[in-house]
Amino acid sequence: MEGQVATFLASALLVLGLGTLLSRRNLIWKLLGLNVASGGAALFLVALGHRPQARPPILGWGPGPAADPLPQALVLTAIVIHFATLALSLVYVIFLTEHRHTQDVPKLEREEGG
Amino acid sequence: MSYALAGVMGYFLAGAGGLLWPRAQRWLSALALLGGLGALLAWAPHFPPTPVGGGSWGITLAGDQLALGFWALTLLFHGMALGEEWRRSGPFLALMTLLLGTCLALPLSQDLFNLFVCLELTSLLSFLLVGYESKPAAIWASLKYLILTTVGMILYLVGVGLVYGELGTLSLAELRGGTWQWNGSLAVGVGLLAAGAATKGGVFLFAFWLPPAHGRAPHTISALLSGLVVKMGLITLVRLAAVFPLSGVLVGLGVVTGVGGLIYALWERDLKLFLAYHTMSQLGYMLLGFGAGALLGGTAYALAHGLFKALLFVAAGKAIAAGGSRRIDELSGRLSLSTSLALGLGTAAIVGLPPLAGFAAKGILGGSLPGWGKWTLFGLGVGTAASFAKLIPLLVPGPPGRAWRGEWPLALGLLAAGGWGLSHVPSLLSPVAWGQALGVVALGGGFYLGLRRFHPPLPRWTLDRACLAILMGGLAISLGLLFA
Amino acid sequence: MRRGAWLATLTLGGLIGWATTGLFPRPPLPPWEAVTSQWGARNAVAAVVLGARLYDTLLEVLVFSMALVGVRWALRPLPQTEGRPPVAESPLLERAADVLLPAIGVFGVYLAASGHLGPGGGFPAGAILGSGLLLLALARGIRALARELPQPLLSRLEYGGLAALIVLGGGSLTLGWRGAWLLVLANLLILAKVSTGAWVVLEHFAAHRGEV
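Residues numbered from 1 in each chain as written. Chains lettered and ligands numbered in written order. Predicted model: local features only at pLDDT ≥ 70, side-chain atom pairs only at ≥ 80, totals over all residues.

## Comments concerning the overall build of chain C
Here is step 1: Looking only at helices and strands, chain C features nine helices and zero strands.
Here is step 2: Element order for chain C, N to C, with α for helix and β for strand: α-α-α-α-α-α-α-α-α.
Here is step 3: C-alpha extents for chain C along the principal axes are approximately 60 × 55 × 35 Å.
Here is step 4: Split into buried and exposed, the 212 residues of chain C put 48% on the buried side. (Helix = DSSP H or I, 4+ residues; strand = E, 2+ residues; numbered from the N terminus. Buried ≥ 20, exposed ≤ 12 C-beta atoms within 10 Å, placed from the backbone.)

Quick look at the structure:
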């Protein structure tokens, strides 16, 4: 049940993030939207590891079913990758702001060409 | 398989060492090339899939003809890039070594998540190298690339989640051997995976980051990206299609990509953007081949395209540097003999003139396609010849210039691959095939004369439109798989 | 365009949400205890990240390093912003940093070193240590701290750590090295990498913050 709620929440985050990415003109807003969407994808993966009344998948942490460790490991990797792309894209935004004095995407697009 | 992995690790180690000791990076890079060659010779005969790491969580790696071909291409490109960029300052060569290492790692992968991580690593390195010279136009192209591929990779990640949730494994090799049920969730997941891979793989409607990124990058990087890196997305699509019922999707995307890229290339006046649109169009050929189940034909075309497109980009970079302009009509008469020769050789190969690799690959690909596929190839070939006809004025040599460096491995590769094709596929030696190839080129030239006066308004693909296209494309593939 | 964009994303999100309804309840987990202890770990996530999927982790660390190379390289031609960053100074913050910092440091190293036994691991530990550095930067001023942690030393540490991790990972992948020592060593290297990386990003963003 909780897992299902979490995946619905993840879909909602994806919608929110990608919608923001598409409907805002400012680069910072776009990157924020992108980051929210990648958070949604990460939440989606973690939710798949869910088991009812599960314990952490660590040996010696009591009886009962454990959560699936594989999605957790995947998410650890995915989060670091998202951090890396976000850092690099922010650096590029700093660069463009310094050179073109704008973060407005249509304006940048007119200046730099397609 | 551990030989291959050792080769990949050697590349990564050489890259990291190059970042640590910038003075040693060119020698470390050359050493990695030698190690890669050794690894290729050592693992070439061993094809069976091997789990690395073992257990149910491990990553499956496997070599096949596709991986073998891309290894050879990557090593050849490494030679080319070292020849062109030996004296470049900064972390350029170290980053390039890492990029080439990733291109060695990805074709071996048979694991959905490992493919994701490899794709992200190629993306990140490409962003860095496209924006390497810190020109605002290149940085903007790079940022556009970054945002669009991240959207694609988010879709891919959700697809990984859906497939893992449904089937409980990430290993494509395991899925190919096992039995499982195709259902709705899986259709959506596979659709998203395909959309993500298509975004990385330069498919029309998904990848409008490609023309600016490939057009604005330093010219060696354009060659690497167009010849090699963009095909990493394609390999991912091929790996997916080997397990999931994606052949119809690949054929559809192939036709759209071939025609769409061609239409933009026909009227493009910027030399490097023109070549970049052609990369898209040529990816359509390969998708068509892979979709129709012609693994050998698709691979042959991918390798041949890598060779001639890299040669064209290297020559274009030199032409632009010598002519001081990016516009095709302003460059005529300003190219040196060696640059004209390289450009002419690349053009002859891309339009499919015998006896070069383009002709051989097109013959192998056409031979394994059904009738409609042959006609599509014919149409695309005429269009390609028509769009390349505008390069003819550039073939008149002007002042003398620098001799060939990185062009050598590519040109020799073109000739050798063409010769190999001609000696192994007897139908290519018939006069009919040669006549057909010449006929296509002549027809294309005629079309060029007719099309020259006509300038249709083509829609511009802004960031927002390109993003929307990725989402709509993902939706379309998912729904198509769901209701097929 | 705007309305169409929201419509498209909503349809896509709805489709994804619908596709997940078939995934629950999740099937029981295959046995994982034996595989975990085979890698010398007690925490199964550590066994996956640093054992069975060490290859992925290696590539991921490369992605992270490339982002840092990019931060350095792309900001290099830009002018640095002069003057102190606009950070509220307070004696309370300085005192807090003095008290908290040793604890943060010890906690970070502990999390990394014991990540194969319980919750923890190099990445969260690196993030914790990085935020400790942020606290220190707020207390002492980012310029002063940057002088104490010179860039060449940091980059050497970072790339050296990367090379060491590749050697370790390559040994594990091709020669079959395994055991608790490998996990501890890898976690500590990742800790060093992530914390220096966090500091590099912080320092560069502060130095190039521009005028508001």
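Having seen the model, we can carry on.
## A closer look at the overall build of chain A
Here is step 1: The number of helices and strands found in chain A is four helices and zero strands.
Here is step 2: Order of helices (α) and strands (β) in chain A, N terminus to C terminus: α-α-α-α.
Here is step 3: Its C-alpha atoms give chain A principal-axis dimensions of about 60 × 25 × 20 Å.
Here is step 4: Considering chain A as a whole, with its 114 residues, one finds that 54% of them fall into the buried category.
Here is step 5: Expressed as a percentage of contacts within chain A between residues at least 6 apart in sequence, the contacts between residues at least 24 apart total 48%. (Contact = placed C-beta atoms within 7 Å.)

## Topic: the interface of chain C and chain B
Interface size is commonly expressed as the accessible area that is lost once the parts come together.
Here is step 1: Taken residue by residue, the interface counts 42 residues in chain C and 50 residues in chain B.
Here is step 2: Of all the secondary structure elements, the ones that give two or more residues to the side of chain C that touches chain B are helix H1 (2-20), helix H3 (44-52), helix H4 (54-75) and helix H8 (151-175) of chain C.
Here is step 3: Grouping the amino acids of the side of chain C that touches chain B by side-chain chemistry returns 30 nonpolar, eight polar and four charged. (Nonpolar A, V, L, I, M, F, W, Y, C, P; charged D, E, K, R; others polar.)

## Remarks on the nonpolar core
Here is step 1: Among the nonpolar cores identified, the biggest contains 310 residues, and Ala84(A), Ala194(B), Leu311(B) and Leu414(B) are the most heavily contacted of them.
Here is step 2: No other element matches the 20 residues that helix H6 (residues 136-167) of chain B contributes to this core.
Here is step 3: Not counting the four nearest positions on each side in its chain, Leu414(B) is found in contact with Leu307(B), Phe308(B), Leu311(B), Leu345(B), Ala349(B), Leu356(B) and Ala357(B). (Core = buried A, V, L, I, M, F, W, Y, C linked by C-beta atoms within 7 Å.)

## Section: helix H9 (residues 180-207) of chain C
Here is step 1: The end-to-end C-alpha distance of H9(C) is 40 Å, a good match for the 40 Å that 28 residues give at a rise of 1.5 Å each.
Here is step 2: Counting buried residues in H9(C) gives 20 out of 28 residues, a clear majority hidden from the surface. (Expected span 1.5 Å × (residues − 1).)

## What about the environment of Glu84(B)?
Residues and elements named next belong to chain B.
Here is step 1: Among the structural elements, Glu84 can be located in helix H3 (residues 65-85).
Here is step 2: For Glu84, a count of 20 C-beta atoms within 10 Å corresponds to the buried category.
Here is step 3: Sequence spacing of Glu84 and Trp404 is 320 residues, and the spatial spacing of their C-alpha atoms is 9.2 Å.
Here is step 4: Not counting residues within four places of it along the chain, the set of residues in contact with Glu84 comprises Thr220, Val314, Arg405 and Gly406.

## What to know about the interface of chain B and chain A
Here is step 1: In this assembly, 31 residues from chain B lie in contact with 30 residues from chain A.
Here is step 2: Listed by contribution, the elements that provide at least two residues to the side of chain B that touches chain A are helix H5 (112-130), H6 and helix H20 (463-483) of chain B.
Here is step 3: Examining the composition of the side of chain B that touches chain A, we find that 15 residues originate from one element, H6(B), more than from any other.
Here is step 4: Along the lines of polarity and charge, the residues of the side of chain B that touches chain A split into 22 nonpolar, six polar and three charged.

## Here we look at the environment of Lys144(B)
Residues and elements named next belong to chain B.
Here is step 1: Structurally, Lys144 can be placed in helix H6.
Here is step 2: Linking Lys144 and Val117, residues 27 residues apart in sequence, is a C-alpha distance of 20 Å.
Here is step 3: Filtering out sequence-adjacent residues up to four positions away, Lys144 remains in contact with Trp209, Pro212 and Leu463.

## A few points about unusual backbone geometry
Here is step 1: Cis peptide bonds are those with omega within 30 degrees of zero, and the linkage from Pro354(B) to Pro355(B) qualifies with 0 degrees.
Here is step 2: Of note, Pro355(B) is situated in the loop between helix H15 (337-350) and helix H16 (357-367).
Here is step 3: Here the amide bond leading from Phe24(C) into Pro25(C) is cis, since omega sits at 0 degrees, within 30 degrees of zero.
Here is step 4: Take Pro25(C): it is sitting in the loop between H1 and helix H2 (33-38).
Here is step 5: You will see that Ser134(B), though not glycine, has its phi angle at about 55 degrees, which is positive.

## Quick word on the packing of helix H11 (residues 247-266) of chain B against helix H17 (residues 371-388) of chain B
All names here are of chain B.
Here is step 1: Relative to each other, H11 and H17 sit at 15 degrees, their axes nearing to 10 Å. In terms of axis orientation, H11 runs roughly parallel to H17. Crossing geometry of H11 relative to H17 is assigned as left-handed. Residues Val255, Gly258, Leu262, Ala265 and Leu266 of H11 form the contact with H17, whose own contacting residues are Thr376, Leu380, Gly383, Thr384, Ala386 and Ser387.
Here is step 2: Considered class by class, the residues forming the contact of H11 with H17 number six nonpolar, five polar and no charged. (Axes fitted to C-alpha atoms, helices over the stretch in contact; angles between N-to-C directions. Parallel < 35°, antiparallel > 145°, perpendicular 65-115°, else oblique. Left-handed = near helix turned anticlockwise from the far one by under 90°.)

## Things to note about the confidence of the model for chain C
Residue and element names in this part refer to chain C.
Here is step 1: Of all residues in chain C, 96% have pLDDT values of 70 or greater, and the mean over the chain is 90.
Here is step 2: Highest mean pLDDT in chain C belongs to H4 (95); lowest belongs to helix H7 (residues 142-148) (84).
Here is step 3: Interface scoring of the predicted complex returns ipTM 0.97; its pTM is 0.96. (pLDDT = per-residue confidence, 0-100.)

## Some points on the environment of Leu115(B)
Residue and element names in this part refer to chain B.
Here is step 1: The topology assignment puts Leu115 in helix H5.
Here is step 2: On the basis of neighbour counts, which here come to 28 C-beta atoms within 10 Å, the residue Leu115 falls in the buried class.
Here is step 3: Separated by 352 residues in the primary sequence, Leu115 and Cys467 place their C-alpha atoms 22 Å from one another.
Here is step 4: Non-local contacts of Leu115, meaning those with residues more than four positions away in its chain, are made with Leu106, Ser109, Thr236 and Arg239.

## Things to note about the packing of H3(B) against helix H10 (residues 219-241) of chain B
Residue and element names in this part refer to chain B.
Here is step 1: Where H3 meets H10, the axes come as close as 10 Å, and the angle between the chain directions of the two elements is 165 degrees. By the angle between their directions, the pair H3 and H10 is classed as roughly antiparallel. Crossing of H3 against H10: the hand is left-handed. On H10, the residues touching Leu66, Leu73, Thr74, Phe77, Ala81, Glu84 and Glu85 of H3 are Thr220, Leu224, Gly227, Leu228, Ile235 and Val238.
Here is step 2: Per-class residue counts for the contact of H3 with H10 are eight nonpolar, three polar and two charged.

## Here we look at helix H3 (residues 69-100) of chain A
Residues and elements named next belong to chain A.
Here is step 1: Helix length check: H3, at 32 residues, gives a terminal C-alpha distance of 46 Å against a target of 46 Å (1.5 Å per residue), a fit within 8%.
Here is step 2: Burial analysis of H3 places 23 of its 32 residues in the buried class, which makes it a mostly covered element.
Here is step 3: Taken from the residues just after H3, His101 is the one with a positive phi, measuring 55 degrees.

## A word on the confidence of the model for chain A
Here is step 1: Here chain A averages 92 in pLDDT, while 98% of its residues score no lower than 70.
Here is step 2: Considering each helix and strand of chain A separately, the mean pLDDT is smallest for helix H4 (residues 105-112) of chain A, with a value of 88, and largest for helix H2 (residues 27-48) of chain A, with 96.

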